Amino acid sequence: MSSPQPFKGSALSGQAGRPRSLWTWLPVLSFFRGFVLTFLFAFSLVLLRRLGLYAATITSFVGWLMLPYVLKPLVRPWIRRLGSSRLFLFEMEVLIVLSVAGIGFSLQQTDWKHSCMVFYAALALWGALHDIVADNFCSAVLGASRMRMVARAHLFAFFLTLLAGLGVLVMIGGNMEVLSRTVRPSWVRVCYIAAGVCLVLLVAQLILLPRRCREADEADFLVKSVFDRFVDKCAVLAKNPKGWPWVLFLLFYLLPLSLLWPMSTLFLIDPRSSGGMGLSPQEVAYVQGTVGVLALLAGCLVGEMILRRQLLSVKTRLLLVLAFTLPVCGWMWLSFSHPSGLSSVVWVTVFQNLGAGLGFTPYRDCVYPQPGSHRVLSPQAARALMTLSVMVPFTASGSLYAAVGYRRYFFLVLLSCGVSIVVAFLLLMAHLRYGRTHS
């Protein structure tokens, strides 16, 4: 099957054949994708906790919402055979808007939990399908050679959506709680605001997205052929001397971050009588949704500079791994000392997120290798492994906290940093022994 080729010239044609700049539509599409992810896996932690659900229930439910994103590589061949990418893209976005609005509607009901979870599950499904179709659309318009740039645009748009979802929306919800002195009606309005944001982005894409793109040639499609290709890739991976260190790195490097991500948010919200910090939604929005996101963005920008200048040496990798793991100590200190001021929480969050952004650099180099380096697996398969590596500890984190409490939980997170160090060391040894271009 021949790969889709971009149009000549700008490759982005609108009405009457006029060229359309890439940067008029790609940021809007990327922001839509990132906003769905933020709503599902960041904003929902605050929303469900304010509605009174227990930590184990929240993390288990939200963690399972990642399953459609894990299965994206298996679903992708089926999606490629469905009509126009542009039309299917808008169909998925309409369903996403309805699902977000449905969450707000379900919260108004007396027995809201089951209907809310149904709409959440639908949102995760449509969001995963939308990601697949968006990738196909960008590949058809721009060509496969520019997908690394598209991935970079999606990544940095995700930081903007974190500011909007975990910062602005949570701030609005907290202020509405204060003004109306009610909890659930306040967050119902926030969900409707989120649905309105998605609707505005949908309308903007109707105007801005290229109206024509060259679709990929359809090939004979059999379930058996997909399975055979999967078996062949596993066989190639098993023969590659760098394959298993690479897979172990993808599966276990993010373990501390996956355990810390949900429970740090819930730790800040929970009252001090339960071992938390007792922050208001407005304070959580400031700490994690604003200052924390900016620190994460700064770390990723430095990491991007390291990758672009090809400075990822052995010494640099070791320093990045330490930056990724050591700041976890700050959360353990917070759980023991419970300082009264907000400044201590801010500094711990800044150092943690800055280290996470820096430490994510070697991981990005595995998912999107630099030109001249052979890929062990495709970026789609690598992202699926990454999502799986986050999903499992995320799902178990709430139950683990319920069993041991915050102090012991953060101590276990600190111990899990040793796993990150070990798998990073194994991958580094494979790089030194076989070289970056060994296949």
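Quick caveat, the model's predicted, so the values are computed rather than measured.

Peer 1: Before we move on, can you summarise the side chain of Ser420 with the specific residues and values?
Peer 2: The residue Ser420 is located in helix α17 (residues 379–434) in this model. Ignoring any residue separated from it by four or fewer positions in sequence, one finds Ser420 in contact with Phe252, Tyr253, Leu255, Pro256, Phe324 and Thr325.

Peer 1: Could you give an account of the packing of aromatic side chains, with specific residues and numbers?
Peer 2: Under the definition given, this model contains 22 aromatic pairs. Centre to centre, the rings of Phe267 and Trp331 are 6.2 Å apart; their planes meet at 75°, and the pair counts as edge-to-face. With a gap of 64 residues between them, Phe267 in helix α11 (residues 255–269) and Trp331 in helix α14 (residues 328–337) connect regions that are remote in the sequence. For the pair shown, Phe267 and Trp331 are each scored as buried. Look at Phe360 and Tyr363: their rings are 5.5 Å apart centre to centre, the planes differ by 25°, and that puts the pair in the stacked class. Put simply, the rings of Phe267, Trp331, Tyr401, Tyr406, Tyr409 and Phe410 touch in pairs and so form one group of aromatic residues.

Peer 1: Go over the pattern of salt bridges, please, and point to the residues and values.
Peer 2: Within this structure, the stated rule accounts for 11 salt bridges. The closest approach of N and O atoms between Arg317 and Asp365, which form a salt bridge, is 3.4 Å. Here the residue Arg317 occupies a position in helix α13 (residues 314–325), and Asp365 occupies one in helix α16 (residues 361–367), the gap between them amounting to 48 residues. Overall, Asp365 belongs to the buried group, its relative accessible area being 5%.

Peer 1: Can you lay out empty space enclosed by the protein for me, pointing to particular residues and giving the numbers?
Peer 2: One pass over the structure, following the stated rule, counts two cavities of 30 Å³ or more. Taken as a whole, the second largest cavity holds about 30 Å³ of empty space. Lining the second largest cavity, in full, are Leu48, Leu53, Phe61, Trp112, Lys113, Cys116, Met117 and Tyr120. Among the elements that line the lining of the second largest cavity, the one with the most residues is helix α6 (residues 112–142), at five residues. In terms of residue class, the lining of the second largest cavity is made up of seven nonpolar, no polar and one charged.

Peer 1: Describe the layout of surface pockets, listing the residues and the values that go with them.
Peer 2: Within this model, the second largest pocket holds a volume of roughly 160 Å³. What lines the second largest pocket is Phe249, Arg317, Leu318, Val321, Leu322, Pro362, Ile421, Ala424, Phe425, Leu427, Leu428 and His431. Elements that contribute at least two residues to the lining of the second largest pocket include exactly α13 and α17. The leading source of residues in the lining of the second largest pocket is α17, at six residues. Of the residues assigned to the lining of the second largest pocket, the class counts are 10 nonpolar, one polar and one charged.

Peer 1: Mind laying out the environment of Phe159, listing which residues take part and the relevant values?
Peer 2: Note that Phe159 resides in helix α7 (residues 147–180). Looking at Phe159, the relative accessible area reads 4%, which means it is buried. In sequence terms Phe159 and Val293 are 134 residues apart; their C-alpha atoms lie 6.6 Å from each other. Excluding its chain neighbours within four sequence positions, the residues that come into contact with Phe159 are Val293, Leu296, Leu297 and Cys300.

Calculation rules
Residues numbered from 1 in each chain as written. Predicted model: local features only at pLDDT ≥ 70, side-chain atom pairs only at ≥ 80, totals over all residues. Heavy atoms only, no water. Helix = DSSP H or I, 4+ residues; strand = E, 2+ residues; numbered from the N terminus. Contact = heavy atoms within 4.5 Å. Phe/Tyr/Trp six-rings, centres within 6.5 Å; stacked < 30°, edge-to-face > 60°. Buried < 20%, exposed > 50% of the residue type's maximum accessible area, 1.4 Å probe, protein only. Salt bridge = Lys/Arg side-chain N within 4 Å of Asp/Glu carboxyl O. 1 Å grid on protein atoms, 1.4 Å probe; cavity = no way out; pocket = protein on both sides within 12 Å on 5 of 7 lines; lining within 4 Å. Points joined across faces, edges and corners; volume = space filled by probe spheres on them. Nonpolar A, V, L, I, M, F, W, Y, C, P; charged D, E, K, R; others polar.

Such coordinate-based values are descriptive only and should not be taken to indicate function.
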